[in-house]
Amino acid sequence: MDLIEKFSSDVEKIKKHYRAEHQTYNGEEVCNQVAAFFEQQNRDVASLAHSYAGYWKDTYILPSQNMEEEPTQEHIEILAGMLALLLDVEDSYEFTECFSQEDWKQLCQLTNYEAEDLPLELLSSLMKNFVDNQAV
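Notes on the structure in this doc start here. (Residues numbered from 1 in each chain as written. Predicted model: local features only at pLDDT ≥ 70, side-chain atom pairs only at ≥ 80, totals over all residues. Heavy atoms only, no water.)

1. Focus: the overall build of the protein
For clarity, the cut-off: Strands here are runs of E lasting at least two residues and helices are runs of H or I lasting at least four, both read from the DSSP assignment and numbered beginning at the N terminus. Using C-alpha atoms as the atom set, the radius of gyration is obtained and then compared with a globule rule of 2.2 Å times the number of residues to the power 0.38. The buried label goes to any residue with under 20% of its type's maximum accessible area, the exposed label to any with over 50%, and the partly exposed label to all in between, with areas taken from a 1.4 Å probe on protein chains only. Using the Shrake-Rupley algorithm and a 1.4 Å probe, accessible areas are obtained, with residue cover drawn only from the displayed protein chains. Charged-residue counts in this description rest on Lys and Arg as positive and Asp and Glu as negative, His and the chain ends being excluded. Here the site of a charge means NZ on Lys, CZ on Arg, CG on Asp, or CD on Glu.
Within the protein one finds seven helices and zero strands. Along the protein, helices (α) and strands (β) appear in the sequence α-α-α-α-α-α-α when read from the amino end. Whereas a compact globule of 136 residues would reach a radius of gyration of roughly 14 Å, the protein reaches 15 Å, a difference of no more than 12%. Structurally, the protein occupies a C-alpha span of about 45 × 30 × 25 Å along its principal axes. For the protein, with 136 residues in total, the buried portion stands at 44%. As presented, the protein carries roughly 7,800 Å² of accessible surface, and 46% of it is formed by carbon and sulfur atoms. A distance of 6 Å separates the average location of the 9 positive side-chain charges in the protein from that of its 27 negative side-chain charges.

2. Brief notes about the packing of aromatic side chains
So the rule is basically this: Stacked, edge-to-face and tilted are the three classes for Phe, Tyr and Trp ring pairs, Trp counted by its six-membered ring, which pair at centre distances within 6.5 Å; planes under 30 degrees apart are stacked, over 60 edge-to-face, the rest tilted. For a Lys NZ or an Arg CZ to count as sitting over a ring, it must be within 6 Å of the ring centre and within 35 degrees of the ring normal.
Taken as a whole, this structure holds five aromatic pairs when the rule is applied. Between F7 and F37, the aromatic rings sit 5.4 Å apart at their centres with planes inclined by 5°, giving stacked as the arrangement. Of this pair, F7 sits in helix α1 (residues 3–21) while F37 sits in helix α2 (residues 27–40); the two residues are 30 residues apart in sequence, bridging distant segments of the chain. What makes F7 buried here is its relative accessible area of 2%. For the ring pair Y18 and Y25, a centre distance of 5.7 Å and an interplane angle of 90° mean the geometry is edge-to-face. This pair shows no difference in class: Y18 is buried, exactly as Y25 is. Among the aromatic residues, ring-to-ring pairing joins F7, F37 and F38 into one connected group. Of note, R19 hangs over the ring of Y25, and the distance from its end group to the ring centre comes to 3.8 Å.

As structure tokens, then:
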């Protein structure tokens, strides 16, 4: 199991544990826990991870009409794709194919804000992905 699959599996465990520990399921609270977990996985680029997690919550979670189902599998895959970008996973395309053009543009913009604090190798990889996906 690779890091991205493990991340997705761990998100499902967060959901499962929350359901077991609480009488009612609060999707927003679970998504806050998932976002914090995502940020933990990216401690070396904490500020950018925080920005990506915020974008994920604002774009996909908060507008949801089915909060009791959040995060859905589709939304977990989007966050996992963001993780693949930040971990500079080889062949990240398989994880990022779920991104919309707007996602690419917003992630590029968030990355530009944080560019000076990122390791050069990661920044270069991210920018290559953004160029390849016409987000620049």
